[in-house]
Amino acid sequence: MFQLKQHDTSVKTEVLAGMTTFLTMAYIIIVNPIILADAGVPFDQVFMATIIASVIGTLWMALFANYPIAIAPGMGLNAYFTSVIIASDGALDYAAAFSAVFVAGIIFIILSLTPIREKLIDAIPENLKHGITAGIGLFIAFIGLRLSGIVAHHETNLVKLGDLTSPPVLLSLFGLFITVILMARNVYGAIFIGMAVTGIVAYLTGQLRFIDGLVRMPHLPEGLIVWNPIDAFGDVISHGLYGVVFAFLMVTLFDTTGTMLGVARQAGLMKDGKMPRVRPALLADSVAATAGAMFGTSPTSAYVESSSGVAVGGRTGLTTLTVGVLFIVASFFGPLVGSLSGVAAITAPALIIVGSLMIGIVKEIEWESFDEAFPAFLIILTMPLTSSIATGIALGFISYPIIKIVKGRWRDVHPLLYLFAAMFAYQLLFLPH
């Protein structure tokens, strides 16, 4: 079913990759409810909605697209969701805001069923695709460094070297050291083994605790929050949430597209610069986003942490099927998953190492051609500095046609790039991001 032999992989490898991907992204199960709680959404509601949306999107990706790319509510989008409600000063409740997410999801499904998203991926120049992959790699490596405490906040210089004597940082360095050694020795499943060893050490040193026990029955306190499209569109119109819907669409569209390109390229699944079976892959996050809004979570996105599973050897939908099953299991083990996700040192080394693997694509960029190299460089630079994949892509999309026009090579730019450059410029200038 998953064409394992054709992709030169095995059941063991795929399951191991799925477990690795799940462990590197499991933090969203706890972090997402914490963020949306500021908007007044009950923790247990978001916890289950996060799992439901992740299971739907990930299983869709596994069964219909056969890609090792997991889907879950996106970081950044959840913070934006909360900020919209807080900024309304009580004029907007979370139910109406979920209506905006629901409407965006419906529009997203329609776009995914049409050739627009597919043509967009084909229209992106190769150098921008390379820049997206490298930028994502640098971004997730930076996330790993920050989560681990190896890099810390600085008032003047923005970042500085963290306290290398603190227990969390020492544990992160230990995990990184062990994983690097295993990687250098080409040990099978090096990243997963490194995470397991780090978890054991974390438990023995008292950094990993199971205070709330291990098991809790899943439940949805409020059931379905949004289900009627007519009511949802009515909420958007009555509250004037057009800008919110547009922002969700723009960010999700390009965040997911960029992540899919980066992970697919890392896995060697691109053919002639294009993604096979791209339409069912693009439908995965749009269907998940719509379903997630119904139960109570912010929009979903393809998860860049999927690259950790790819690094272990994941190449097919069996990887994401494993992730989906583990999300279902996790619904019964909320306290356990929360405890593991709360120790950044367990997952941070994997993000750093995967980032180093993804950044290698920079060698494919045409550095001798300034009009091709600079937009790619801008993507790579701004993704980690703005903490946003979508913003990095936006600046690359805007700068590419401008430089081509200046050089008198405007015919070399696909018409869709001009359209999206204008839309990105509008978003960056006039909408929250």
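The sections below set out a description of the structure shown in this document. The model shown is predicted, which means the values in this text are computed figures rather than measured ones.

## Section: helix α18 (residues 389-406)
At step 1: In this model α18 runs 26 Å from its N-terminal to its C-terminal C-alpha over 18 residues, within 8% of the 26 Å that 1.5 Å per residue would give.
At step 2: Immediately downstream of α18, the backbone of Gly408 shows phi near 75 degrees, a positive value.

## Some points on the side chain of Ser301
At step 1: For Ser301, the location among the structural elements is in strand β4 (residues 300-302).
At step 2: A polar contact is formed between the side chain of Ser301 and the side chain of Thr256, at a distance of 3.3 Å.
At step 3: Beyond its immediate stretch of four places on either side in the chain, Ser301 contacts Ala70, Ile71, Ala72, Gly74, Asp255 and Thr256.

## Re the pattern of salt bridges
At step 1: Going through the model one piece at a time under the given rule, you end up with 7 salt bridges.
At step 2: A salt bridge links Glu126 to Lys129, with the nearest nitrogen and oxygen atoms 3.4 Å apart. One end of the pair is Glu126 and the other is Lys129, both in helix α7 (residues 126-148) and 3 residues apart, which spans about a single turn.
At step 3: In this structure, the salt-bridge partner of Lys404 is Glu372, at a minimum N-O distance of 2.8 Å. With Lys404 in helix α18 and Glu372 in helix α17 (residues 370-386), this residue pair connects regions lying 32 residues apart in the sequence.
At step 4: On the accessibility criterion, Lys404 (0% relative accessible area) is buried.
At step 5: A relative accessible area of 10% places Glu372 in the buried class.
At step 6: Beyond isolated ion pairs, a larger network of salt bridges with shared partners links Asp371, Glu372, Lys404, Lys407, Arg409 and Asp412.

## Points about the packing of helix α3 (residues 43-65) against helix α12 (residues 278-295)
At step 1: Orientation of α3 relative to α12, taken along the N-to-C sense of each, is 160 degrees, at an axis distance of 8 Å. By the angle class used here, α3 and α12 are roughly antiparallel. For the pair α3 and α12, the sense of crossing is right-handed. Contact residues: Gln45, Ala49, Ile52, Ala53, Ile56, Gly57, Trp60, Met61, Phe64 and Ala65 in α3; Pro280, Ala281, Leu283, Ala284, Val287, Ala288, Ala291, Gly292 and Phe295 in α12.

## A few points about the environment of Gly296
At step 1: Along the chain, Gly296 falls in the loop between α12 and β4.
At step 2: For the pair Gly296 and Leu395, spaced 99 residues apart in the sequence, the C-alpha separation amounts to 31 Å.
At step 3: Among all residues touching Gly296, those that are not within four sequence positions of it are Leu36, Val41, Val46, Ala49, Phe98 and Ile225.

What counts, and where the lines are drawn
Note on numbering: residues in each chain are counted from 1, in written sequence order. Reporting in this predicted model follows two pLDDT cut-offs: at least 70 for local features of residues, and 80 or more for side-chain atom pairs to be given and counted; totals over whole chains, interfaces and linings ignore these cut-offs and use all residues. With hydrogens and water set aside, each side-chain value is computed from the structure's full complement of heavy atoms. Here a helix means four or more residues in a row that DSSP labels H or I, a strand means two or more in a row labelled E, and each is numbered from the N terminus. Expected helix span is given by 1.5 Å per residue-to-residue step, counting one fewer step than there are residues. What qualifies as a polar contact is a pair of N or O atoms within 3.5 Å, subject to a donor-acceptor requirement within protein and to the restriction that residues adjacent in sequence count only when both atoms come from side chains. Contact criterion: two residues are considered in contact whenever any of their non-hydrogen atoms come within 4.5 Å of each other. Put simply, a salt bridge is a Lys or Arg side-chain nitrogen that is within 4 Å of an Asp or Glu carboxyl oxygen. Only protein chains enter the accessibility calculation, which uses a 1.4 Å probe; a residue is then buried when its area is under 20% of its type maximum, exposed when over 50%, and partly exposed in between. Orientation is described by axes fitted as lines to C-alpha atoms, over the contacting stretch for helices, and by angles from 0 to 180 degrees between their N-to-C directions. Orientation is classified from the angle alone, with under 35 degrees giving roughly parallel, over 145 giving roughly antiparallel, 65 to 115 giving roughly perpendicular, and any other angle giving oblique. Handedness of a crossing is defined here by the sense of rotation of the near helix relative to the far one, left-handed for an anticlockwise turn of less than a right angle and right-handed for a clockwise turn.

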